[in-house]
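Coordinate inspection notes
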Amino acid sequence: IKQQPRSFDAPFWRVYQPAIDRDHFNHLRLVRERFAAGGLRVHYQPVVELASGRVVEVEALARLDNGAGQLIPPLDFIHQLGRDGLISLTSAVLNQAVTDALRWQRTLGVELNVAVNVDPVNLASGEALAVVKDTVVVHGFPARRIVLEVLEHSDFLSFASAQDSLAELRAFGCRIALDDIGSAYSSLLRMKELPIDIIKLDQSFIRGLAERPQDLRFVQSLAQLARSLGVDFVAEGAETEDIVEALRALRVPQAQGFGIAMPMPADALGDWLAAWPQRVQSSSRGLLTRI
Ligand code: C2E
Ligand code: MG
Ligand code: MG
Ligand code: MG
């Protein structure tokens, strides 16, 4: 079995063992069974405007209930879903997110935008376009309140059909976010050639911000670039309140991370939303109260 080498001295092969196949197969079966059985759970993580503390949107993040009281994180199951499974996932997550957003609107009086991750393979095939349009029509939800997040480094974004889908979704009223900027070998071209509204800088740049002054300058410059391109800019992975403050000092417009809120189920988000203005107001230095 070939593996990617992690370093020059690490082996890039392993001795074949039947157990490897068996584990993969069992996991694949578990994922597909749990997904088909309604095991999908959608958690939400707020994105906040740093200057004001206003909640800009919530990102819907998929989890899978394994049937034994644990949630499987998305990176441990989305690759098992295949192309058909991925579009079912997008459809289910978007429907849930729109339903929850309409409920928060009724019960809390807030009009939140929702961000959903879409695999570019489903953009290239046209399936994502159909799903988004359907959802908007069925729920009567404004397209302008939907953000579609696509991974910047996906090969499928090079397909003309994927770019056409993005353009059409945008014409339909949705906003497009380029996700995880800087997590792989990025190309500035992507930012130039794609019809986008938001760039989300990968958490790898933000997490160690305090220790790496070089990253600080990088984040600041990218925020400036976004500003001059007229696109929104979100820093992901703002893990601590100090990092949130540092980002605000750098005049980074928006942030998302554990330092603001963890991803949480819909009910918990309702409580968090109710408590958040108080937290912002009572803040002694800037946005957040020091605990
Ligand atoms: P993403 O779209 O970049 O989402 C942000 C990820 O960063 C989430 O991980 C979130 O929990 C995590 N995160 C947020 N703040 C912090 C922080 O302060 N520190 C750290 N260490 N992590 C933070 P999660 O939920 O495990 O999702 C991982 C990835 O799985 C997502 O990355 C997205 O690419 C993918 N994904 C999630 N839901 C879906 C979905 O419905 N469809 C598709 N196609 N992909 C999805
Ligand atoms: Mg995302
Ligand atoms: Mg991301
Ligand atoms: Mg990510």
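Everything that follows concerns the structure shown earlier in this document.
Residues numbered from 1 in each chain as written. Chains lettered and ligands numbered in written order. Predicted model: local features only at pLDDT ≥ 70, side-chain atom pairs only at ≥ 80, totals over all residues. Heavy atoms only, no water.

1. Description of the pairing of strand β7 (residues 198-201)
We count it as follows: Buried means the residue's accessible area, taken with a 1.4 Å probe over protein chains only, is under 20% of the maximum for its type, while exposed means over 50%, and partly exposed covers the values in between. Every helix listed is a DSSP run of H or I at least four residues long, and every strand listed is a run of E at least two residues long, numbered separately from the N terminus. Strands pair, by our definition, only if DSSP identifies at least two bridges between them.
By the alternation rule, side chains of β7 split into Ile198 and Lys200 and Ile199 and Leu201, which are all buried. With four bridges joining them, β7 and strand β8 (residues 232-236) adopt parallel strand pairing. Within the sheet, the bridge partner assigned to Lys200 lies in β8 and is Val234.

2. A word on the pattern of salt bridges
What counts, and what does not: A side-chain nitrogen of Lys or Arg and a carboxyl oxygen of Asp or Glu constitute a salt bridge if their distance falls within 4 Å.
This model, assessed by the stated rule, comprises 13 salt bridges. In this structure, Lys200 and Glu59 form a salt bridge, with 3.0 Å as the shortest nitrogen-oxygen distance. Remark: Glu59 occurs in strand β2 (residues 55-65) and Lys200 occurs in strand β7; sequence separation between them is 141 residues. A residue is classified by how much of its surface remains accessible, and Lys200, at 0% relative accessible area, is buried. Here the salt bridges share partners, and the residues they tie into one network are Glu59, Glu149, Lys200 and Glu236.

3. Some words on the nonpolar core
Selection rule: In these notes, a set of buried Ala, Val, Leu, Ile, Met, Phe, Trp, Tyr and Cys residues joined through side-chain atoms within 4.5 Å is what counts as a nonpolar core. We call two residues in contact whenever any of their non-hydrogen atoms come within 4.5 Å of each other.
Formed by 80 residues in total, the largest nonpolar core has its most connected members in Leu247 and Trp272. Sort the elements by how many residues they give to this core and helix α2 (residues 78-108) lands first, with 10 residues. In contact with Leu247, other than residues within four places in its own chain, are Leu50, Ile206, Leu209, Val219, Ala235, Ala238, Val252 and Ala255. Of all hydrophobic cores here, the second largest spans six residues; its members include Val47, Val147, Ala177 and Ile198.

4. Some words on the site of ligand 1
Under the convention used in this document: For this purpose, a residue is taken to be near a molecule or strand whenever a single non-hydrogen atom of the residue falls within 4 Å of it. In protein, a polar contact requires one atom able to donate a hydrogen and another able to accept it; more generally it is a pair of N or O atoms within 3.5 Å, and residues adjacent in sequence count only if both atoms are side-chain atoms. A 1.4 Å probe and the Shrake-Rupley method give the accessible areas. Residues count as covered only by the protein chains that appear here.
The environment of ligand 1 is made up of 23 residues, and the closest members are Arg63, Asp179, Gln203, Glu239 and Phe258. For ligand 1, an oxygen atom lies 2.8 Å from a polar atom in the side chain of Arg63. Within the side chain of Glu239, a nitrogen or oxygen atom sits 2.6 Å from a nitrogen atom of ligand 1. Relative to its free-state accessible area of 800 Å², ligand 1 is covered by the protein chains to the extent of 87%. Secondary-structure elements contributing two or more residues to the shell around ligand 1 are β2, α2, β6 (175-181) and α7 (203-207).

5. Some details on the environment of Ser52
Within the secondary structure, Ser52 sits in the loop between β1 (40-49) and β2. Distance in space between the C-alpha atoms of Ser52 and Arg175 is 22 Å, their sequence separation being 123 residues. A distance of 3.1 Å separates the side chain of Ser52 from the backbone nitrogen of Arg54, its partner in a polar contact.

All quantities given are derived from atomic positions and should not be read as evidence of function.
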